[in-house]
Amino acid sequence: MTAILRARLTGQPLWEFALALYGQPGVESACLALQDQARVDVCELLWRCWLLRHGVVPGPTAEEGLVEVLRWQREVTAPLRRLRRRLKPEANVRPGVAELRETLKHAELQAERETLDQLERLALADSSTALTPAPSAGVRAADKVLANALGLQKKTHLSTLHTLVASLDPPSRPR
């Protein structure tokens, strides 16, 4: 990884990028739709968007490390999310359950932040195979790269993904 690319990645940490992107109009609903309908891991999606924004994609080393991060998501984050969602109806009528649900919501967010920290470390690993240049710049190329990486094929999922990709600044070329 070049010093310039490392500086750009560390200059815009993944957590800050994820919060900014997620806060843009239509992005939250697109992420949640892909999560619920296509079983896409939102943290992985945001990580891949962050990398594409900087003109790179995960290389073999990062892709291998992703397996462990996704295990964390399945074993820690997903159960918190399921419980939080399951308690929603009861939380509307029982203050104690509402408080518990808020605690779970906070724990889920902490677990997601840990996931993003792990993903950022994967990208910044001191390895020549952690990252590789993205095939090309532009929204269409980013759509294709993300769709392939996430295994998306349905038109509705691709359209939802495009909503998110269109919110990215034009991807940069790696330096």
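Report on the accompanying structure. (Residues numbered from 1 in each chain as written. Predicted model: local features only at pLDDT ≥ 70, side-chain atom pairs only at ≥ 80, totals over all residues. Heavy atoms only, no water.)

A separate point is the overall build of the chain. When helices and strands are counted, the chain shows 9 helices and 2 strands. Each helix (α) and strand (β) of the chain, taken in turn from the N terminus, gives the series α-α-α-α-β-α-α-α-β-α-α. Since a compact globule built from 175 residues should have a radius of gyration of about 16 Å, the 17 Å found for the chain is in line with a globular shape. Its C-alpha atoms give the chain principal-axis dimensions of roughly 55 × 35 × 25 Å. (Helix = DSSP H or I, 4+ residues; strand = E, 2+ residues; numbered from the N terminus. Rg over C-alpha atoms; globule rule 2.2 N^0.38 Å.)

A turn of α-helix holds 3.6 residues, and therefore any two residues three or four places apart point the same way. Looking only at helix α1 (residues 3–11), the buried set comprises L5, R8 and L9. Taken around the axis of α1, the buried residues stretch over an arc of 95°, which confines them to a single face. More than 90 degrees from the buried face of α1, the exposed residues found are A3 and G11. In this structure, the buried side of α1 is in contact with α4 (42–53), β1 (56–58) and β2 (131–133). (Buried < 20%, exposed > 50% of the residue type's maximum accessible area, 1.4 Å probe, protein only. Arc of directions from axis to C-beta. Contact = heavy atoms within 4.5 Å.)

Another point: the state of the cysteines. This structure, assessed with the given rule, holds 0 disulfides. Between C31, a cysteine without a disulfide, and C49, which holds the nearest cysteine sulfur, the sulfur-to-sulfur distance is 7.2 Å. On the basis of relative accessible area, C31 is assigned to the buried category, the value being 0%. C31 provides the cysteine sulfur closest to C43, a residue in no disulfide bond, and the two sulfurs are 9.5 Å apart. Of the residues examined, C43 reaches a relative accessible area of 4% and is grouped as buried. (Disulfide = S-S within 2.5 Å.)

This part takes up the nonpolar core. Core analysis: the biggest nonpolar cluster contains 45 residues, and L45, W47 and L119 have the highest contact counts within it. Per element, the largest residue contribution to this core is 9 residues, and it comes from α4. With residues up to four places along the chain from it excluded, the contact list for L45 reads C31, L34, V40, L150, L161 and L164. In this structure, L80, L87, V97 and A111 belong to the second largest nonpolar core, which totals 6 residues. (Core = buried A, V, L, I, M, F, W, Y, C linked by side-chain atoms within 4.5 Å.)

Glycine aside, the phi torsion of most residues is negative, and most peptide linkages are trans. With a phi close to 60°, R39 is a non-glycine residue in the positive phi region. Locating R39 in the fold gives a position in the loop between α3 (27–38) and α4.

What follows deals with the side chain of T160. Counting through the fold element by element, T160 comes out in helix α9 (residues 155–165). Among residues more than four places away in sequence, those in contact with T160 are A30, A33 and L34.

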